[in-house]
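Observations on chain architecture
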Amino acid sequence: MSITRRVLFAAAALALPAHIAAAETVVKWLHIEANPVQVKIWEEVAHDFEAKNPGVKIEMSFLENEAYKAKAPTLLQSKERPHIIYSWAGGVLRSQVEAGVLEDITAGVGDFKAHLSPAAVNAFTVNGRLYGLPYTVSQVGFMYNKELFAKAGVDGSKIAAWDDLMDAVRKLKAANVTPIVVGGADKWPLHFYWTNLAVRIGGQGGFQAALKGENGGFEGPVFQRSGEMFKQLVDLQPFQTGFLGFKNPQAVGYFGDGKAAMILAISSFYHTQRALAADKVGLSDDKVGWFNFPTVPGGKGDPADTLGGMNGWLVTKGAPKEAVAFIKFFTSEEVQKRLAAGNYIIPTYQGAESGLGSAFMRNIAHNIAVSKYHQNFYDQDLGPNVGRVVNDVTAEIAGGTMTPKAAAKAIQDAYVQGN
Amino acid sequence: MLFLPPAVLLFTLFVVMPAGEAGWYSAFNWNGFGRPTRWIGLDNYRYVFENRAFGIALWNNVLVIAVSLVVQLPLALTLAVILAERFRGAVALRLVFFLPYILAEIATGMIFSFVYDGNYGLLTAIWGWFGAEAPHLLASPATAMPAILVVIVWKYFGFHMMLFIAALQGMDRGVIEAARIDGATGWQLQRHVVLPLLYPTIRLSIFFVVVGSLQLFDLVMPLTRGGPADASHTIVSFLYTFGVMRMRVGFGSAVGVILFVICATFAFTYKRWFMRDE
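Residues numbered from 1 in each chain as written. Chains lettered and ligands numbered in written order. Predicted model: local features only at pLDDT ≥ 70, side-chain atom pairs only at ≥ 80, totals over all residues. Heavy atoms only, no water.

A closer look at the overall build of chain A
The helix and strand inventory of chain A stands at 18 helices and 14 strands. Relative to its length of 419 residues, chain A is compact, with a C-alpha radius of gyration of 22 Å against a globular reference of 22 Å. Seen through its principal axes, chain A has C-alpha atoms that stretch 70 × 50 × 35 Å. Buried positions account for 58% of the 419 residues belonging to chain A. Sequence separation of at least 24 residues holds for 77% of the intrachain contacts in chain A that already meet a minimum separation of 6. In the structure as shown, chain A presents an accessible area of about 16,500 Å², 54% of it carried by carbon and sulfur atoms. Positive and negative side-chain charges in chain A, numbering 40 and 39 respectively, have mean positions lying 1 Å apart. (Helix = DSSP H or I, 4+ residues; strand = E, 2+ residues; numbered from the N terminus. Rg over C-alpha atoms; globule rule 2.2 N^0.38 Å. Buried < 20%, exposed > 50% of the residue type's maximum accessible area, 1.4 Å probe, protein only. Contact = heavy atoms within 4.5 Å. Areas by Shrake-Rupley, 256 points an atom, 1.4 Å probe, with all protein chains shown as cover. Lys, Arg positive; Asp, Glu negative; His and termini not counted. Charge placed at Lys NZ, Arg CZ, Asp CG, Glu CD.)

The following block contains the structure:
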């Protein structure tokens with residue numbers, strides 16, 4: 001599929017000179033979206049923009065997620081850099097700002113940013129200057145299969161505390177149902193457990209203190225306890241056989257096939273489980289439930305706190321001003337409502353979430369709206385190196401090759417070394 | 001003398017300068033953006049040696065060499081001795097054994113990741129015939145590397161076999177005839193006449209085994225990407241995963257320099273000690 005698209009892009013690139021002759025400005029837009037349905041909608045958005053702005057041509061190109069991360073430093077420092085790039089905010093954004101490869105778009109965006117979710121805009125602000133516009137947010141929580149839960153006599157809507165989750169795992173195992181599926185080979189699906197526990201145990205204060213190196217930093221009690229509680233879950237052997245060999249898409253497909261009762265999911269898996277299921281249909285809306293990551297006894301985090309992603313578009317240094325106009329258009333009410341209607345994203349434009357078609361997605365939007373502390377993914381927020389060490393050590397805890405204490409120390413060591 | 005400058009220029013441009021640059025970068029904490037400015041001396045080397053996964057990677061490279069020497073070369077040698085004779089089907093069998101070598105490494109890795117798949121794989125089906133539940137070989141730190149070693153032996157024994165067959169066929173039949181007339185029989189002939197005549201080829205094979213192990217990357221990535229829990233990394237996959245993917249150019253350069261030192265040391269000493277006659 002992606003090869004076909006690459007061929008198409010190559011063909012489009014060959015056909016380009018004819019268009020360039022007519023267009024005055026070309027805006028090069030690099031995205032990492034692999035879902036063809038969504039890419040099609042983005043192409044429509046680009047066409048709409050072109051129609052409204054004669055003389056501007058949006059040129060889309062695609063890089064696969066991991067390839068994009070590997071190529072970004074070289075790409076951004078070349079003269080051929082794209083004008084608009086994808087971003088998860090966080091540490092990578094900060095190092096790009098430090099390197100001076102991004103355009104300060106504070107003035108270009110102006111008052112428009114007031115329409116977007118403040119937490120998400122804040123994630124794209126470095127040292128008081130705005131470098132990008134967020135177009136979607138997501139939440140991490142448990143997606144569950146209602147039929148399998150019923151089979152084991154578990155009520156998903158009643159799971160609120162950590163012990164409820166542990167009970168549910170035990171009951172599911174007793175009923176011969178695989179309790180949880182996880183893409184352990186990719187590591188980051190496992191880091192969601194550890195980081196969600198840290199959010200519940202330490203709250204925003206715990207994370208901020210660790211960043212400043214207080215309370216032992218990431219080696220402190222909050223993070224050791226996160227590891228220990230994760231270990232408690234691991235000791236119940238809740239995951240599918242061979243979970244360390246599963247990549248995330250396989251795991252999501254496994255859930256979509258109805259072979260496991262739960263998956264600690266990014267809210268966007270609501271869509272991907274259908275696309276990745278063997279029958280391409282997956283679980284229908286009435287079979288899928290959601291509960292937030294359970295609370296922990298004595299935890300300092302507010303039960304409404306959320307962990308999730310904030311994704312947006314950055315404008316690179318020297319890009320034409322039309323690039324800013326385009327990302328403003330992309331995050332405008334009209335476009336955001338359209339994307340929301342298809343349930344593709346949780347929009348950042350305030351009020352656009354009312355356009356969300358499914359109750360599932362409306363619930364996620366509500367959770368994020370009422371959350372006072374929305375923690376960005378650790379592996380993005382802490383930057384490319386420290387973030388991946390978090391992924392490494394949580395996978396090691398899950399595999400039983402590292403103690404929670406040693407894991408916390410490894411993260412702190414990496415944090416001191418820096419990115 | 002006239003032909004020296006172009007060669008020196010190319011060597012400088014594509015070997016000496018990149019190696020020197022890597023050495024320079026390895027002294028910085030640098031993420032690849034802008035110019036390297038945070039000088040940290042030899043700290044990157046310390047981080048490399050302190051990294052648990054690097055130890056595993058180094059050990060895995062040794063393991064690949066050991067298994068190649070103990071399993072792969074004897075297997076290749078035995079088959080070569082049998083297939084060097086002219087009989088019906090010998091050529092066809094040579095081709096069959098050589099085929100895995102022709103296959104691209106990435107393709108091989110993908111194919112075997114399907115073979116090993118614990119849910120749908122070929123191995124799972126075979127296990128199923130005996131009513132047993134198949135192990136997820138690539139999903140367990142204990143079995144991932146052995147599973148990769150099997151693929152390596154399968155893929156490369158044909159190449160070494162071909163080297164040996166070529167050497168056997170180029171051998172002076174007169175020497176063997178003379179030994180026969182002197183009364184040497186089967187095993188004696190192989191052990192005391194043929195094998196010594198193969199030593200130069202065996203030394204070459206060992207050279208390829210070691211160099212191949214140090215380069216091993218494209219087979220590991222599609223199979224395990226170095227996992228689970230970093231159990232199946234090689235030096236190069238370690239460099240890629242921990243240096244390139246994490247934007248730690250300084251750290252990755254340090255690994256590159258270490259790899260370069262290992263390669264250069266091996267190449268020079270091996271040539272000096274074992275291949276000086278050739």
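Concerning the pattern of salt bridges
Note on pairing: side chains with opposite charge can pair once their charged atoms come close. Summed over the entire model, instances satisfying the criterion amount to 22 salt bridges over all chains. In this structure, the salt-bridge partner of Asp230 of chain B is Lys187 of chain A, at a minimum N-O distance of 3.2 Å. Taken as a pair, Asp230 of chain B in the loop between helix 10 (220-223) and helix 11 (235-244) and Lys187 of chain A in the loop between strand 8 (178-180) and helix 9 (188-211) lie in two separate chains rather than in one. Lys187 of chain A carries the same exposure label as Asp230 of chain B, and that label is buried. Residue Asp43 of chain B pairs with Arg46 of chain B through a salt bridge whose shortest N-O separation is 3.7 Å. A residue pair is termed a helical-turn pair when its members lie 3 or 4 positions apart in one helix, as Asp43 of chain B and Arg46 of chain B do in helix 2 (residues 43-50) at 3 residues. For Asp43 of chain B, a relative accessible area of 26% corresponds to the partly exposed category. (Salt bridge = Lys/Arg side-chain N within 4 Å of Asp/Glu carboxyl O.)

As for unusual backbone geometry
Its identity is not glycine, yet Gln237 of chain A carries a phi of approximately 50 degrees, on the positive side. Positionally, Gln237 of chain A belongs in the loop between helix 10 (221-235) and helix 11 (248-256). Its relative accessible area of 58% is what places Gln237 of chain A among the exposed residues. In the Ramachandran plot, Met247 of chain B falls in the positive-phi region, its phi being about 55 degrees despite a non-glycine side chain. Examined against the element boundaries, Met247 of chain B turns out to sit in the loop between helix 11 and helix 12 (249-273).

So, the interface of chain A and chain B
At the junction of the two partners, chain A supplies 31 residues and chain B supplies 27 residues. Regarding the contact of chain A and chain B, the summed buried area is about 2,500 Å², with carbon and sulfur atoms giving 51% of it. On the surface where chain A and chain B come into contact, there are 4 salt bridges. For Arg225 of chain B, the salt bridge goes to Asp186 of chain A, with nearest N and O atoms at 2.5 Å. Our enumeration of links across chain A and chain B arrives at 5 residue pairs in polar contact (both at pLDDT 80 or more). Elements with a contribution of two residues or more to the side of chain A that touches chain B: helix 3 (65-76), helix 4 (90-99), helix 11 and helix 17 (384-399) of chain A. For the side of chain A that touches chain B, the leading source of residues is helix 17 of chain A, giving 6 residues. Here the residues of the side of chain A that touches chain B sort into 11 nonpolar, 11 polar and 9 charged. (Buried area = accessible area lost by both parts, 1.4 Å probe. Polar contact = N/O pair within 3.5 Å; in protein donor to acceptor, adjacent residues only side chain to side chain. Nonpolar A, V, L, I, M, F, W, Y, C, P; charged D, E, K, R; others polar.)

Quick look at empty space enclosed by the protein
Residues and elements named next belong to chain A. Counted under the stated rule, the structure contains 2 cavities of 30 Å³ or more. Each residue belonging to the lining of the largest cavity can be placed in one class, and the counts come to 4 nonpolar, 6 polar and 1 charged. Counted as a void, the second largest cavity has a volume near 40 Å³. Gln139, Val140, Asn196, Val199, Arg200, Asn292, Phe293, Asp305, Thr306 and Leu307 together form the lining of the second largest cavity. Of all the secondary structure elements, the ones that give two or more residues to the lining of the second largest cavity are helix 9 and strand 11 (306-308). (1 Å grid on protein atoms, 1.4 Å probe; cavity = no way out; pocket = protein on both sides within 12 Å on 5 of 7 lines; lining within 4 Å. Points joined across faces, edges and corners; volume = space filled by probe spheres on them.)

Focus: the confidence of the model for chain B
Per-residue pLDDT for chain B averages 89, and the proportion of residues at 70 or more is 99%. Our summary of model confidence lists the complex with pTM equal to 0.82 and ipTM equal to 0.73. (pLDDT = per-residue confidence, 0-100.)

What about the packing of helix 3 (residues 52-83) of chain B against helix 7 (residues 144-169) of chain B?
All names here are of chain B. Put simply, helix 3 and helix 7 touch, their axes get as near as 7 Å, and they point 40 degrees apart. By the criterion of interaxial angle, the relationship of helix 3 to helix 7 is oblique. At the point where helix 3 passes helix 7, the crossing takes the right-handed sense. Its residues assigned to classes, the contact of helix 3 with helix 7 comprises 22 nonpolar, 3 polar and no charged. (Axes fitted to C-alpha atoms, helices over the stretch in contact; angles between N-to-C directions. Parallel < 35°, antiparallel > 145°, perpendicular 65-115°, else oblique. Left-handed = near helix turned anticlockwise from the far one by under 90°.)

Things to note about the nonpolar core
Residues and elements named next belong to chain A. Within the largest apolar cluster, 143 residues are counted, with the highest numbers of intra-cluster contacts made by Trp29, Tyr193 and Met262. Residue contributions to this core peak at 10 residues, all from helix 9. Shared between two domains, this core holds at least three residues of each, these being domain 1 (2-137 + 310-370) and domain 2 (140-307 + 377-417). Trp29 has contacts with Trp42, Ala46, Ile58, Glu59, Met60, Ser61, Ile84, Trp313, Phe326 and Phe330, leaving out every residue within four places of it along the chain. (Core = buried A, V, L, I, M, F, W, Y, C linked by side-chain atoms within 4.5 Å. Domains from an automatic or database assignment.)

Remarks on the domain arrangement of chain A
Residues and elements named next belong to chain A. Per the domain assignment, the segments making up chain A are domain 1 (2-137 + 310-370) and domain 2 (140-307 + 377-417). Spacing between the C-alpha centres of domain 1 and domain 2 amounts to 29 Å. Of the residues lining the interface, 18 residues belong to domain 1; the matching set on domain 2 comes to 16 residues. For the pair domain 1 and domain 2, the interface holds 7 residue pairs in polar contact (both at pLDDT 80 or more). Of all the elements, helix 15 (residues 359-370) adds the most residues to the side of domain 1 that touches domain 2, at 6 residues. For the side of domain 1 that touches domain 2, the residue count by class is 8 nonpolar, 7 polar and 3 charged.

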